[in-house]
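A closer look at the structure
The lines below spell out each chain.
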Amino acid sequence: MEASLTARDRVGIQDFVLLDAYTSESAFLDNLRKRFHENFIYTYIGTLLVSVNPYKDLDIYSKKQMDTYMGVNFFELPPHIYALADNVFRTMLSEFNNHFILISGESGAGKTEASKKILQFYAVSCPSTTLLNNVRDRLLLSNPVLEAFGNAKTLKNDNSSRFGKYMDIQFDHQGGAVGGHIINYLLEKSRVVHQNHGERNFHIFYQLVEGGDEELLRWLGLERNCQHYRYLVQGDCAKVSSINDKSDWKTVRKALSVTEFSESDMEHLFGIIASVLHLGNIKFEADARGYAALNNNQEIIFLILSFKVLSPFSVDHAVYARDALAKAIYGRTFNWLVNKINESLANKVSKTEIFLKMVIGLLDIYGFEVFNVNSFEQFCINYCNEKLQQLFIELTLKSEQEEYEMEGIEEKHRGIISLLVKMLQTQKDE
Ligand SMILES: Nc1ncnc2c1ncn2[C@@H]1O[C@H](COP(=O)(O)OP(=O)(O)OP(=O)(O)O)[C@@H](O)[C@H]1O
């Protein structure tokens, strides 16, 4: 690998496996830093790719770069996300089996961008026919739609995905993309009714208010002012210079029509989004007995759902019920949206999906209604992350250990758990 590198590419070590002090964290970080300063954001650890978010546009994602990486051996060129994508693709075709790319990192690390780069690479590199291009376009266009409804500005990332995503791309035996499937899980529904300071609700609400044309807003009973909606202002940053809701709205509208959402689908969809905003503005007042009463709430006439309060609620309970309804409506709308996208991607239901849906359904049933606290959502997210970490450990460290065993190298047991296990084993042997 080193032989084929130009002088410019020889910044630091581009594969940590070749680092002399491979057990030293500071040597690891020094190497990353050295490369990052020269705009080399990618470094390998064997076949793993480490990426550092540059937060600026680098000229490394052009069509020319894609061509350079297509069909070239993984280690022949400097580390790149395209090398990884190409390698996975070619291995899949030669071995005739399924492959996955696991992208993990903290919020704002660049996971979503990395997944988009991979999709873009496949859009260019896979064989194309009119039919296949259709699937390709829909796969690419599902991103802005999902981001509008599932992403939001947080303190860490102006476009943070507030849901987990598992995306399947199905290829035929020649490598043409014939279908896709997306599984969404654990949408952060609590954001619909509450945002921390400096954070926003899901993008779609602001896009509709800022970008929707006059006629649509009139029909939905909305005003072009985010400040008028309680669910949009709690974070005190409805407008942010880095986000252009108006132009994003246009992109989303266009993407929705290409992904086969009919005019009537869109009317319903925006009707629901507007009704969530109206719902948030409903106020309750206590009557003489202390029960919540609805007085002169203009918003009610714009709500698709009319409801009667059958059991007397206190004002606090009524607000709680209102917010729970808003979250449930938004959550279900998001699921409907993903299902619609999946229909347009003409997928086949896999066993993994059925299993995941079952687990997620159970989490939803037991989590959302019973606890209804943000911390439970966080718990579920942590659980998923730990499972992914476990998988990662199995795939990397365990295979490494097996190699040690095969080569007869004895491992040093330094961790508390392994020391305890060793102690117990010794006691048992005695
Ligand atoms: N390769 C890249 N080149 C340039 N900018 C990038 C790159 N990757 C990420 N960014 C910038 O960082 C921002 C955050 O990245 P991204 O949304 O992919 O993070 P994430 O890991 O998906 O975060 P979250 O978990 O919050 O969804 C992007 O909006 C973009 O501005």
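Given the structure is predicted, the values throughout are model-derived calculations rather than measurements.

**A word on the overall build of the chain**
Counting secondary structure elements, the chain contains 14 helices and eight strands. With 430 residues in all, the chain has 26% of them scored as buried. Within the chain, contacts between residues separated by at least 24 positions form 68% of all contacts whose residues are at least 6 apart in sequence.

**A closer look at the nonpolar core**
Counting residues in each nonpolar core, the largest one holds 58 residues, and the members touching the most others are Val145 and Phe205. Top contributing element to this core by residue count: helix 5 (residues 130-150), with seven residues. Dropping the residues within four chain positions of it, valine 145 is found in contact with Val252, Ala255, Leu256, Thr259, Leu337 and Ile341.

**So, the site of the ligand**
In the vicinity of the ligand lie 17 residues, with Ser107, Gly110, Thr112, Glu113 and Ser160 positioned nearest. At three residues, the largest contribution of residues to the shell around the ligand is made by helix 4 (residues 111-125). The class makeup of the residues in the shell around the ligand is four nonpolar, 10 polar and three charged.

**Description of unusual backbone geometry**
Phi is positive for phenylalanine 96, which is not a glycine, with a value near 55 degrees. Looking at the secondary structure, you find phenylalanine 96 in the loop between helix 3 (81-95) and helix 4. A positive phi angle, close to 55 degrees, is found at leucine 186, a residue other than glycine. Structurally, leucine 186 can be placed in the loop between strand 6 (177-185) and helix 6 (203-211). For leucine 186, a count of 19 C-beta atoms within 10 Å corresponds to the partly exposed category.

**Some remarks on the environment of alanine 27**
Looking at the element boundaries, alanine 27 is found in helix 1 (residues 25-37). Alanine 27 has contacts with Leu19 and Ala21, leaving out every residue within four places of it along the chain.

**Digging into the UniProt feature "binding site: ATP" (unreviewed entry) in the chain**
Per the UniProt record, the feature "binding site: ATP" (unreviewed entry) sits at Gly105, Glu106, Ser107, Gly108, Ala109, Gly110, Lys111 and Thr112. Tracing the backbone shows glutamate 106 in the loop between helix 3 and helix 4. The exposure class assigned to glutamate 106 is exposed, which follows from the 10 C-beta atoms found within 10 Å. Among the structural elements, glycine 108 can be located in the loop between helix 3 and helix 4. Residue glycine 108 is classed as partly exposed on the basis of its C-beta count, with 16 C-beta atoms lying within 10 Å.

**Considering the packing of helix 6 against helix 9 (residues 245-258)**
Two elements in contact, helix 6 and helix 9, have axes whose closest approach is 8 Å; the angle formed by their N-to-C orientations is 100 degrees. The angle between helix 6 and helix 9 places the two elements in the roughly perpendicular class. Between helix 6, through His203, Tyr206, Gln207, Leu208, Glu210 and Gly211, and helix 9, the contact on the second element is made entirely by Asp245, Lys246, Asp248, Trp249, Lys250 and Val252. Tallied by class, residues from the contact of helix 6 with helix 9 come to four nonpolar, three polar and five charged.

**Quick look at the pairing of strand 1 (residues 42-45)**
Two strands pair when backbone bridges link them, and strand 1 and strand 2 (residues 48-51) are joined in this way by four bridges, in the antiparallel orientation. In the sheet register, threonine 43 faces strand 2, and the bridge partner there is valine 50. Hairpin connection of strand 1 to strand 2: two residues between the antiparallel strands, including glycine 46 at a positive phi of 60 degrees.

**Examining the environment of glycine 176**
The residue glycine 176 is located in the loop between strand 5 (164-171) and strand 6 in this model. When the C-alpha positions of glycine 176 and asparagine 133 are compared, they lie 9.2 Å apart, and in sequence the two are 43 residues distant.

**Some words on the pairing of strand 5**
Pairing of strand 5 with strand 6 involves eight bridges; the strand directions are antiparallel. Its bridge partner lying in strand 6, lysine 165 is registered against asparagine 184. Following strand 5, the chain reverses through five residues before pairing antiparallel with strand 6; glycine 175 in that reversal takes a positive phi of roughly 95 degrees.

Definitions and cut-offs
- Residues numbered from 1 in each chain as written.
- Predicted model: local features only at pLDDT ≥ 70, side-chain atom pairs only at ≥ 80, totals over all residues.
- Helix = DSSP H or I, 4+ residues; strand = E, 2+ residues; numbered from the N terminus.
- Buried ≥ 20, exposed ≤ 12 C-beta atoms within 10 Å, placed from the backbone.
- Contact = placed C-beta atoms within 7 Å.
- Core = buried A, V, L, I, M, F, W, Y, C linked by C-beta atoms within 7 Å.
- Near = placed C-beta within 6 Å.
- Nonpolar A, V, L, I, M, F, W, Y, C, P; charged D, E, K, R; others polar.
- UniProt positions renumbered as here; feature names shortened; annotations may be inferred.
- Axes fitted to C-alpha atoms, helices over the stretch in contact; angles between N-to-C directions.
- Parallel < 35°, antiparallel > 145°, perpendicular 65-115°, else oblique.
- Pairing = 2+ DSSP bridges.

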